[in-house]
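Listed below, chain by chain, are the residues.
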Amino acid sequence: MHESDVLEPVSREPIISSEELAALRKKNIEYESRVNELREKNRQLQLAIVAAESERDQYRREARKYKAELSQMKAPPLVIGNVEQIIGPDKVIVRSTAGPQFLSHVSEEVKPEEVVVGAQCALHPQSYVLVEILPKKTDAQVSAMEIDVAPDVSYSDIGGLEHQKKLLREAIELPLLKPELFEKTGIEPPKGVLLYGPPGTGKTLLAKAAAHETQASFIRVVGSELVQKYIGEGARLVREIFALAREKAPAIIFIDEIDAIGSMRTADAYSAGDHEVGRTLMQLLAELDGFNARGNVKIIAATNRIDIMDQALLRPGRFDRIIEFPLPNLAERKNILQIHTGNMHLEKAVSLDTLAEETDGFNGAELMALTVEAGMTAIRHGRSTIKSKDIEEALKAVRNGRTKPEARELPPGMYL
Ligand code: ATP
């Protein structure tokens, strides 16, 4: 046995000293806290990256928007027109609002079903390619017409006009309420009537009552509003009115002041403006001729000037009835006064018979104004009962209004 074979005894001394171990532990704690710190920093940096990326996306979006806006600003404006005729799947005749007609190609971006005659469209300013069909113009409807669903006026609100009521009932109400009667009899129901007579004689009122009675939409258009500045605009408005009426059927189209588009024109006073008015009238005649009398849209036109109306509108086949609205006679004046004083407290001494006698030549609107004026006079004197002297004062004011030229310019019922 060698000496080297003898195992040396294991040393009992620790590998590292306790001081060294304590120092290492301390360091470990320090590293751990440093790692935690760095982890936290990393988390914060990640969050900052996400925030910065979303900010970058936001700026990119804004930049895109401004670029698009800038290119829109640089682009020339599109030309507005109306489709007049469809020639082929991608070819149409368009009349621009400035006047000339173009044979235009239709862009592939435009849906073919939207390209219809009468549609308003936008053309490229250089190539005149139809690039867009514009949505139905609603502002034109707002500016040129007034829509009232079953207006709140009944026949009992109208004094006199018995004959006119009867004619209107036959021509407007019957075809709307009982179309089968006409079918059975084998006759075409009337399409429309023309009312004429001095202002304020109840033409609008009676037309509204007919709409009330038939629960129809009442579309009121004023003829002068149809006279437009641009070529083709008036005709387009007429088309839109009839389209709207068909949409809102049963409907009554009431065209007030039809003389503004339907007056006869003398050859020597034929201007570009007259041509445009003529075109609007032609469109109206086309609508009157073309639309189905059995449909539930009826037309009531009104004028104060039948003497200047174009024969084309007066000839048979256009309006089925031409109804006169004269100034009210004695009994009718009393009746109108009774209606308008129905809710007023009149002193016993006030006699509507005498008042009706004193108001010879007054129209319905003036009689109504007279009652309102009498009420106002009573209020001015701190009363709610109307006395004879209030009526006398009101009568004087209305009479003054009829003779003073400056007062004639004022709306009815307002006197200087
Ligand atoms: P314009 O030709 O000026 O349009 P118009 O004949 O259409 O006039 P309306 O608007 O119907 O006249 O009448 C104006 C007002 O006069 C009515 O709101 C109503 O108050 C009164 N009025 C006219 N006629 C009558 C009547 N017969 N009965 C009761 N009120 C009437």
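Our structure's up above, just so we're on the same page.
Residues numbered from 1 in each chain as written. Predicted model: local features only at pLDDT ≥ 70, side-chain atom pairs only at ≥ 80, totals over all residues. Heavy atoms only, no water.

Re the sheet that holds strand β5 (residues 130-133)
Strand order in the open sheet made by the five strands is β3-β2-β1-β4-β5, with antiparallel pairing throughout. Among the strands making up the open sheet, the edge pair consists of β3 (101-105) and β5. Put simply, the sheet's adjacent strands are angled 45° from each other on average, direction ignored. (Pairing = 2+ DSSP bridges. Helix = DSSP H or I, 4+ residues; strand = E, 2+ residues; numbered from the N terminus. Axes fitted to C-alpha atoms, helices over the stretch in contact; angles between N-to-C directions.)

Things to note about the pairing of strand β7 (residues 192-196)
Taken across its five residues, β7 has four buried, putting it largely inside the fold. Pairing of β7 with strand β10 (residues 297-303), which is carried by five bridges, proceeds in the parallel orientation. Across the sheet, the residue bridging to valine 193 is isoleucine 300, located in β10. (Buried < 20%, exposed > 50% of the residue type's maximum accessible area, 1.4 Å probe, protein only.)

A few points about unusual backbone geometry
In this model, tyrosine 128 sits at a positive phi of 55°, which is unusual for a non-glycine residue. Assignment of secondary structure puts tyrosine 128 in the loop between β4 (120-123) and β5.

So, a nonpolar patch on the surface
Taken together, Ile15, Ile16, Leu21 and Leu24 make up a surface patch of nonpolar side chains, about 420 Å² in accessible area. Structurally, isoleucine 15 can be placed in the segment before α1 (18-74). For isoleucine 15, a relative accessible area of 88% puts it in the exposed group. (Patch = residues over 30% accessible without salt bridge, like charges linked within 9 Å, V, L, I, M, F, W, Y side chains within 5 Å. Areas by Shrake-Rupley, 256 points an atom, 1.4 Å probe, with all protein chains shown as cover. Salt bridge = Lys/Arg side-chain N within 4 Å of Asp/Glu carboxyl O.)

A short note on a negative patch on the surface
On the surface, Glu357, Glu358, Glu392 and Glu393 cluster together into a negatively charged patch. Elements with a contribution of two residues or more to the negative patch: α11 (352-358) and α13 (388-403). Mapped onto the fold, glutamate 357 is located in helix α11. (Lys, Arg positive; Asp, Glu negative; His and termini not counted. Charge placed at Lys NZ, Arg CZ, Asp CG, Glu CD.)

Things to note about the packing of helix α10 (residues 330-340) against helix α12 (residues 364-380)
Close contact between α10 and α12 brings their axes to 9 Å; oriented N to C, the two are set at 40°. Put simply, α10 runs oblique to α12. Every pair of crossing elements has a handedness; the one defined by α10 and α12 is right-handed. Facing α10, whose interface residues are Arg333, Ile336, Leu337 and His340, α12 presents Gly364, Leu367, Met368, Leu370 and Thr371. When its residues are assigned to classes, the contact of α10 with α12 shows five nonpolar, three polar and one charged. (Parallel < 35°, antiparallel > 145°, perpendicular 65-115°, else oblique. Left-handed = near helix turned anticlockwise from the far one by under 90°. Contact = heavy atoms within 4.5 Å. Nonpolar A, V, L, I, M, F, W, Y, C, P; charged D, E, K, R; others polar.)

Concerning the pattern of salt bridges
Applying the stated criterion across every chain, the model contains 13 salt bridges. Here arginine 43 ties to glutamate 40 by a salt bridge, and the two come within 3.3 Å at their closest N and O atoms. Here the residue arginine 43 and the residue glutamate 40 both occupy positions in helix α1, the gap between them amounting to three residues, near one helical turn. A salt bridge links arginine 169 to glutamate 173; the nearest nitrogen and oxygen atoms lie 3.4 Å apart. Of this pair, arginine 169 and glutamate 173 both sit in helix α3 (residues 162-177), four residues apart, roughly one helical turn.

Description of the site of the ligand
The environment of the ligand is made up of 18 residues, and the closest members are Gly159, Gly200, Lys203, Thr204 and Asn304. Here an oxygen atom of the ligand and a backbone polar atom of glycine 200 are 2.9 Å apart. A distance of 2.8 Å separates an oxygen atom of the ligand from a polar atom in the side chain of lysine 203. Elements represented by at least two residues in the shell around the ligand include exactly α5 (203-214), α10 and α12. (Near = heavy atom within 4 Å. Polar contact = N/O pair within 3.5 Å; in protein donor to acceptor, adjacent residues only side chain to side chain.)

Topic: the side chain of asparagine 363
You can see asparagine 363 is positioned in the loop between α11 and α12. A distance of 2.9 Å separates the side chain of asparagine 363 from the backbone oxygen of proline 199, its partner in a polar contact. For asparagine 363, the contacting residues outside a window of four places in its chain are Pro199, Gly200, Thr201, Leu327 and Pro328.

Observations regarding the packing of aromatic side chains
The full count for this structure, using the stated rule, is two aromatic pairs. Between phenylalanine 102 and tyrosine 128, the ring centres sit 4.0 Å apart and the planes meet at 20°, which makes this aromatic pair stacked. On the criterion of sequence distance, the pair formed by phenylalanine 102 in strand β3 and tyrosine 128 in the loop between β4 and β5 is long-range, its members being 26 residues apart. Ring geometry for phenylalanine 218 and phenylalanine 254: centres 5.7 Å apart, planes at 25°, overall stacked. Here the residue phenylalanine 218 occupies a position in strand β8 (residues 217-222), and phenylalanine 254 occupies one in strand β9 (residues 251-256), the gap between them amounting to 36 residues. (Phe/Tyr/Trp six-rings, centres within 6.5 Å; stacked < 30°, edge-to-face > 60°.)

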